Amino acid sequence: MASSETVPAAGQRARGLAPFLRSQMRNIAPFLTLIFLSGFFAFASPSFATLDNLGNILTQVSVTGIIAVGLTFVILCAEIDLSIASIANVTGIAVAYFTLQESYVNIANVPLPGVAAILLSILLCALLGLVNALGLTVIGIPSFIMTLAMMQIAAGISALLVRGQIAYKVPDLIATLGSGSIGGIPWIVVVAAVMLLGGHLVLTYTRFGRYVYMVGGNREAAEYSGLNVKLILGAVMVISAVCSGIGGMLGVAHFGSAQQNEFDTYLLDSIAAVVVGGTSLFGGRGGIGNTIVGLFVLGVLNNGLDHVNIDSFLKILIRGLILLAALIINVYAQRLREKAAE
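Residues numbered from 1 in each chain as written. Predicted model: local features only at pLDDT ≥ 70, side-chain atom pairs only at ≥ 80, totals over all residues. Heavy atoms only, no water.

1. Examining the overall build of the protein
Item 1. When helices and strands are counted, the protein shows 15 helices and two strands.
Item 2. Considering the protein as a whole, with its 342 residues, one finds that 45% of them fall into the buried category.
Item 3. Residue pairs in contact within the protein that sit at least 24 positions apart in sequence constitute 76% of those at least 6 positions apart.
Item 4. Counting every atom, the protein has about 16,700 Å² of accessible surface; 68% of that belongs to carbon and sulfur. (Helix = DSSP H or I, 4+ residues; strand = E, 2+ residues; numbered from the N terminus. Buried < 20%, exposed > 50% of the residue type's maximum accessible area, 1.4 Å probe, protein only. Contact = heavy atoms within 4.5 Å. Areas by Shrake-Rupley, 256 points an atom, 1.4 Å probe, with all protein chains shown as cover.)

Below is the structure:
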């Protein structure tokens, strides 16, 4: 008697578990990918699974992580920002442009006190983000096109500032945060962790964070509820630009130079971190926790491939395939959610 009742109960639990797994596929798949990659590279290379190498991975993903914080806000609103890498680059160049360079640097720059150089650079990236915001919310240009134009504008400003030259000096504070360390931990890792934590707290525990999810989840319903959707969209575009600018300034200090096209690869890396981690391209699902998982997936993948001495061109292909897989899961999970809502 007891056994005959147990079988249907187990079947009901299994049937109840299946919808849960399908609904959480976007979150589960990146985590399983991270476990698989970590196990594979630890088995393939003895030098991979060490504390020193973990520190290398954290340092390698720090700039991407800082930029990805702002991009997470944008994608949660079902928008995109293609200008993040160019804004990072122009802000990094700007902070060097406003810093006194060595005599051998052939750039006609404007040296200012360190604090002024930092504030002006942050103001620059905020203004560029504001232009994106106005183009999106006031003029009505789709974010893809608006930020594509801004990508070219920011690249043009970078070219005008350095004119093909390379600058090296940045304010002392930026140099410390970008290339210094505290207790053996690089400051850039600390800054990335603080910004990721801050982004998580804002999205999870503040009214603004709830509004971001509302706008991304159902923009029409958000408007009917009285929410100023345009203000939220404009705010996330500015946040994205400022995060990119901070990443650019610290990245210049970390790399030791400011030059054109220095951050070009960070566009794909940042988008991949957010999407691979499981944040929905359709908005309203995901968050900073997903971005952190995505950062580790990319960091482990890039670092691990270096440890097994794989062909650098094959490395690019593998990264592209993993991004494609994440996009397929993203779209498939959205279809399952829409089907369940019918």
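2. Quick word on the packing of aromatic side chains
Item 1. Under the counting rule described, the total for this entry stands at nine aromatic pairs.
Item 2. Ring centres of F36 and F40 lie 6.3 Å apart, and the angle between their planes is 20 degrees; this geometry places the pair in the stacked category. Of the two residues, F36 and F40 are both situated in helix α2 (residues 25-44); the distance of four residues between them amounts to about one turn of the helix.
Item 3. By relative accessible area, F36 is classed as exposed at 57%.
Item 4. Judged by centre distance (5.3 Å) and plane angle (70 degrees), the rings of F40 and F41 are edge-to-face.
Item 5. With relative accessibility at 2%, the residue F41 sits in the buried group.
Item 6. Within the aromatic cluster, the residues linked to one another by ring pairs are F36, F40, F41 and F48. (Phe/Tyr/Trp six-rings, centres within 6.5 Å; stacked < 30°, edge-to-face > 60°.)

3. Description of the state of the cysteines
Item 1. Evaluation of the coordinates by the stated rule reveals zero disulfides.
Item 2. For C125, which is in no disulfide, the shortest distance to another cysteine sulfur is to C243 and amounts to 9.0 Å.
Item 3. Judged by relative accessible area, which is 1%, C125 ranks as buried.
Item 4. Among the residues examined, C243 registers a relative accessible area of 8% and is labelled buried. (Disulfide = S-S within 2.5 Å.)

4. Digging into a nonpolar patch on the surface
Item 1. A cluster of nonpolar side chains, namely V110, L112, L120, L123, L127, L130, L134, V138 and I139, defines an oily patch on the protein surface of about 780 Å² accessible area.
Item 2. Take L120: it is sitting in helix α6 (residues 114-139). (Patch = residues over 30% accessible without salt bridge, like charges linked within 9 Å, V, L, I, M, F, W, Y side chains within 5 Å. Salt bridge = Lys/Arg side-chain N within 4 Å of Asp/Glu carboxyl O.)

5. Focus on the UniProt feature "transmembrane region" (unreviewed entry) in the protein
Item 1. What UniProt calls "transmembrane region" (unreviewed entry) maps, in this numbering, to residues 31-51, 57-75, 82-100, 112-131, 143-164, 184-206, 227-251 and 313-333.
Item 2. Split by type, residues 82-100 is 74% helix and 0% strand. Its first and last C-alpha atoms lie 31 Å apart.
Item 3. Between the C-alpha atoms that bound residues 184-206 there is a distance of 34 Å. The span itself is 83% helix and 9% strand. (UniProt positions renumbered as here; feature names shortened; annotations may be inferred.)

6. Quick look at the environment of P113
Item 1. Summarising the element assignment, P113 is placed in the loop between α5 (84-97) and α6.
Item 2. Separated by 13 residues in sequence, P113 and L100 have C-alpha atoms that sit 8.8 Å apart.

7. Concerning helix α4 (residues 62-76)
Given 3.6 residues to a turn, an α-helix orients residues that are three or four positions apart in the same direction.
Item 1. Across its 15 residues, α4 extends 21 Å between first and last C-alpha, which sits within 8% of the 21 Å expected from 1.5 Å per residue.
Item 2. At V69, α4 shows its maximal bend, which comes to roughly 30 degrees.
Item 3. Most of α4 sits inside the fold, with 15 of its 15 residues counted as buried. (Expected span 1.5 Å × (residues − 1). Bend = angle between axes of the 7 residues up to and from the residue.)

8. Notes on the environment of Y168
Item 1. Position of Y168 relative to the elements: it lies in the loop between α7 (143-162) and α8 (172-179).
Item 2. Between the C-alpha atom of Y168 and that of E102, which follows or precedes it by 66 residues, the distance is 8.1 Å.

9. Things to note about the pattern of salt bridges
Item 1. Inspection of every chain in the model, using the stated rule, returns one salt bridge.
Item 2. Taking the shortest distance from any N to any O, the salt bridge between E79 and R219 comes out at 3.0 Å. Within this pair, whereas E79 is found in the loop between α4 and α5, its partner R219 is found in helix α11 (residues 219-224), the two being separated by 140 residues in sequence.

10. Focus on empty space enclosed by the protein
Item 1. If you walk through the whole model with that rule in mind, you get one cavity of 30 Å³ or more.
Item 2. In this model, the largest cavity occupies a volume close to 40 Å³.
Item 3. L268, D269, A272, V276, L298, R319 and L323 are the residues that line the largest cavity.
Item 4. Looking at the lining of the largest cavity, the elements that each hand over two or more residues are α13 (266-276) and α15 (312-341).
Item 5. It is α13 that provides the largest number of residues to the lining of the largest cavity, a total of four residues.
Item 6. Class assignment for the residues of the lining of the largest cavity results in five nonpolar, no polar and two charged. (1 Å grid on protein atoms, 1.4 Å probe; cavity = no way out; pocket = protein on both sides within 12 Å on 5 of 7 lines; lining within 4 Å. Points joined across faces, edges and corners; volume = space filled by probe spheres on them. Nonpolar A, V, L, I, M, F, W, Y, C, P; charged D, E, K, R; others polar.)

11. A closer look at the layout of surface pockets
Item 1. Approximately 340 Å³ is the volume attributed to the largest pocket.
Item 2. What lines the largest pocket is a set of 18 residues, among which Q60, T64, Y266, D269 and N302 lie closest to the centre.
Item 3. Considering every element that reaches the lining of the largest pocket, the biggest residue donor is helix α14 (residues 288-307), with six residues.
Item 4. For the lining of the largest pocket, a count of residues per class yields six nonpolar, eight polar and four charged.

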